[in-house]
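Next come the chains, spelled out residue by residue.
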There are 2 protein chains.
Amino acid sequence: MSQTKKSILLALGRLIKHRRKAQKLSQEQLGFLSNLDRTYISGVERGIRNPSLTALVSLASGLDTTVSELLKDLETEVTNLNLNE
Amino acid sequence: MSQTKKSILLALGRLIKHRRKAQKLSQEQLGFLSNLDRTYISGVERGIRNPSLTALVSLASGLDTTVSELLKDLETEVTNLNLNE
DNA sequence: GTGTGACTTCAAGTCCGTG
DNA sequence: ACACGGACTTGAAGTCACA
């Protein structure tokens with residue numbers, strides 16, 4: 001796993017945690033809302049999971065947002081979002 | 001795999017194919033640009049692959065766009081983008 | 001309420017090829 | 001140039017017990 005990938009996943013994790021806190025949800029509650037295991041949420045927030053598109057869709061709707069919104073935030077956080085060079 | 005997931009992946013595939021054609025790229029060329037195997041690109045376009053976040057990032061930059069842009073298009077195509085109900 | 005390690009099953013992703 | 005397949009290695013999905 002490249003360093004850039006890691007930083008993307010870490011940024012995603014921070015973002016999701018931030019959104020979750022803003023909604024005053026526990027990982028358990030978000031897990032329920034998104035039909036994902038609480039420990040899986042934990043892994044995503046810590047940046048050790050690389051979620052699939054469908055997992056992202058589940059997460060986003062649990063957080064009452066869309067994937068594109070979520071990733072737009074990610075793109076403002078990660079300045080150089082390029083894996084291919 | 002639920003029906004909704006399939007329709008999301010099919011929509012993503014159509015979208016990517018459309019973008020790729022617009023750029024006048026072959027699957028092979030896009031594979032090269034995004035550092036992904038050509039057969040994998042083929043699978044994504046046919047909706048039988050569920051790409052990870054990092055794969056999406058790679059694809060997006062190969063298509064000279066961002067993941068959020070790509071998924072915004074997807075959200076306009078897929079009316080009910082909700083896996084959790 | 002969360003982090004973490006370990007685990008199994010299944011899909012991601014690559015590489016070989018065919019028509 | 002692409003769909004499709006087999007075989008392969010790595011990693012994601014999904015869950016558990018424990019601290």
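Above this text sits the structure in question.
Report on the accompanying structure. A quick note: this is a predicted structure, and the numbers were derived from the prediction, not measured. (Residues numbered from 1 in each chain as written. Chains lettered and ligands numbered in written order. Predicted model: local features only at pLDDT ≥ 70, side-chain atom pairs only at ≥ 80, totals over all residues. Heavy atoms only, no water.)

Describing the protein's contact with DNA strand C
To be explicit about the condition: By convention in these notes, a residue is near a molecule or strand provided one of its non-hydrogen atoms lies within 4 Å of it. For this analysis, a polar contact is any N or O atom pair within 3.5 Å, provided that within protein one partner can donate a hydrogen and the other can accept it, and provided that sequence-adjacent residues contribute only side-chain to side-chain pairs. The helix count covers DSSP runs of H or I at least four residues long, the strand count covers runs of E at least two residues long, and both are numbered beginning at the N terminus.
What surrounds DNA strand C is a group of 20 residues, the closest being A:Gln27, B:Tyr40, B:Arg49, B:Asn50 and B:Ser52. A share of 54% is what sugar and phosphate atoms reach among the atoms of DNA strand C within 4 Å of the protein. Interatomic distance of 2.7 Å between a side-chain N/O atom of B:Ser52 and a phosphate oxygen of DNA strand C. Of all the elements in the fold, those that place two or more residues in the surface near DNA strand C are helix H1 (3-22), helix H2 (27-34) and helix H3 (38-45) of chain A together with helix H3 (38-45) of chain B.

Some details on the relation of the copies chain B and chain A
Basically, it comes down to this: Our superposition of the copies is a least-squares fit, built on the C-alpha atoms of residues whose pLDDT is at least 70 in both. Here, residues are in contact when the closest pair of their heavy atoms is within 4.5 Å.
Overlaying chain B with chain A gives an RMSD of 0.1 Å, the required rotation being 180° about an axis along which the chain moves by 0.1 Å. Classification of the inter-copy transformation places it as that of a two-fold axis. Take the interface residues of chain B: 100% of them recur as interface residues in chain A, which is what a same-surface contact looks like.

Considering the interface of chain B and chain A
Put simply, the rule reads: Salt bridges, as used here, are contacts in which a Lys or Arg side-chain nitrogen is within 4 Å of a carboxyl oxygen on Asp or Glu. All amino acids are sorted into three groups, where Ala, Val, Leu, Ile, Met, Phe, Trp, Tyr, Cys and Pro are nonpolar, Asp, Glu, Lys and Arg are charged, and the leftover types, Gly among them, are polar.
Each partner contributes to the interface: chain B provides 28 residues, whereas chain A provides 28 residues. One can count 0 salt bridges joining chain B with chain A. If you look at where chain B meets chain A, you find 12 residue pairs in polar contact (both at pLDDT 80 or more). Residue assignment for the side of chain B that touches chain A shows that the elements contributing at least two residues are helix H1 (3-22), helix H2 (27-34), helix H4 (53-62) and helix H5 (67-77) of chain B. Taken together, the residues of the side of chain B that touches chain A sort by class into 13 nonpolar, 12 polar and 3 charged.

Here's the deal with the side chain of A:Thr65
All names here are of chain A. Filter applied, for reference: Per-residue accessibility, obtained with a 1.4 Å probe over protein chains only, is compared with the maximum for each type, and a residue is labelled buried under 20%, exposed over 50%, and partly exposed between these values.
Here Thr65 shows up in the loop between helix H4 (53-62) and helix H5 (67-77). Exposure remark for Thr65: the relative accessible area of 14% places this residue in the buried category. If we ignore the near neighbours within four places in the chain, the residues touching Thr65 are Arg19, Ala60 and Leu70.

By themselves, these observations are geometric and do not establish any function.
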